[in-house]
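Listed here are the chains, written in short residue letters.
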Amino acid sequence: MDALDRVVKPKTKRAKRFLEKREPKLKENTKNAMLIKGGNANLTVTEVLKDIYAVKKPFAVLYKKKNITRPFEDQTSLEFFSKKSDCSLFLFGSHNKKRPNNLIIGRMFDYHVLDMIELGIEKFVSLKDVKNSKCPEGTKPMLIFAGDMFDVNEDYRRLKSLLIDFFRGPSVPSIRLAGLEYVLHFTAVDGKIYMRSYKVLLKKSGCKIPRIELEEMGPSLDLVMRRTHLASDDLYKLSLKQPKALKPKKKKNISHDVFGTTYGRIHMQKQDLGKLQTRKMKGLRKRPAEKSAEDGGLSPKKPKSA
């Protein structure tokens, strides 16, 4: 049978729209995340997954049933759920005696696991434990990373990239000041990662610029890094490759300085300034002697006509 005959063709308009939504695009859709409970997840892990789901909504899918799988040993279940729910990010929660209160955060590339990092929960404060007001659903967070480990250590550097991918939300061309109301702060110090979330309060300051205050909102997590499964440099580079249509075309003879000022270079032929036409004034007219000197002598007299 020919390969073209094996392609599944949609029979209804709904199925056609579904397939078109999953087709490769120049500008991909906002990445969705799936949150999965392991077969032995306890109450703490379940509450963490619920709170992360509340922060990530509406770009998340929460699986409420327990799934007996071990991502570091067998990744086929995660890849199946990824293709089924069209999610390229995942958070898997489990609990056992060897690794209590365990979280595995990771991402997919072409429905295969690209990289994942295992984190242990040492302290957890839920959304419902903090009695302050919350941000509305779908609020795009501002991400702040503190600590030299995020820039020095390769595992922490990849974790930073993974957290940005997970929490960044949709890409927007512009945003109003009142929309900056949610902060996610990650601190790496002494081998631990502290996750804190705050609501931004805009107070009156007596001038045009408001006074900013941060109010803790929850959830709050103290994490420690355990195991890592990172993609090779070649595969990671391939996952970052962009289509040629999205790459900006290089403009010739244009440069920028450190302040962002644009400079353009224009190429012109060499000009003879002696032939430059200036403003016609009576005082700038050439005398007959000057004209004859330029011509190389006196011009011959015309013969008189008979």
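Keep in mind that what you see is a predicted model, and the values were worked out from it rather than measured.

Draft legend 1. Structural detail: a nonpolar patch on the surface. A contiguous nonpolar surface patch, about 380 Å² in accessible area, is contributed by L177, L202, I212 and L214. Relative to the helices and strands, L177 is located in the loop between α5 (154-167) and β7 (182-189).

Draft legend 2. Looking closely at the pattern of salt bridges. For the structure shown, the criterion picks out 14 salt bridges. A salt bridge links E118 to R99, with the shortest nitrogen-to-oxygen separation between them at 3.3 Å. Highlighted residues: E118 in strand β5 (residues 112-125) and R99 in the loop between β3 (89-94) and β4 (102-109), separated in sequence by 19 residues. E118 gets classed as buried once you look at its relative accessible area, which sits at 1%. Here R99 falls in the partly exposed class, since its relative accessible area comes to 21%.

Draft legend 3. Broad picture of the confidence of the model for the protein chain. Taken as a whole, the protein chain shows an average pLDDT of 82; of its residues, 90% reach a score of 70 or greater. Long-range and interchain partners of residues 1-5, a stretch whose pLDDT sits below 50, account for one contact in this model, where long-range means more than four residues apart.

Draft legend 4. Quick peek at the nonpolar core. Ranked by internal contacts, the top residues of the largest apolar core, which has 35 residues, are I105 and F167. With residues up to four places along the chain from it excluded, the contact list for I105 reads F90, L91, D115, M116, I117, L119, L159, L162, L163 and F166. The next biggest cluster of nonpolar side chains, apart from the first, holds 13 residues, and it includes L78, F81, M108 and M116.

Conventions we followed
Residues numbered from 1 in each chain as written. Predicted model: local features only at pLDDT ≥ 70, side-chain atom pairs only at ≥ 80, totals over all residues. Heavy atoms only, no water. Patch = residues over 30% accessible without salt bridge, like charges linked within 9 Å, V, L, I, M, F, W, Y side chains within 5 Å. Areas by Shrake-Rupley, 256 points an atom, 1.4 Å probe, with all protein chains shown as cover. Salt bridge = Lys/Arg side-chain N within 4 Å of Asp/Glu carboxyl O. Helix = DSSP H or I, 4+ residues; strand = E, 2+ residues; numbered from the N terminus. Buried < 20%, exposed > 50% of the residue type's maximum accessible area, 1.4 Å probe, protein only. pLDDT = per-residue confidence, 0-100. Contact = heavy atoms within 4.5 Å. Core = buried A, V, L, I, M, F, W, Y, C linked by side-chain atoms within 4.5 Å.

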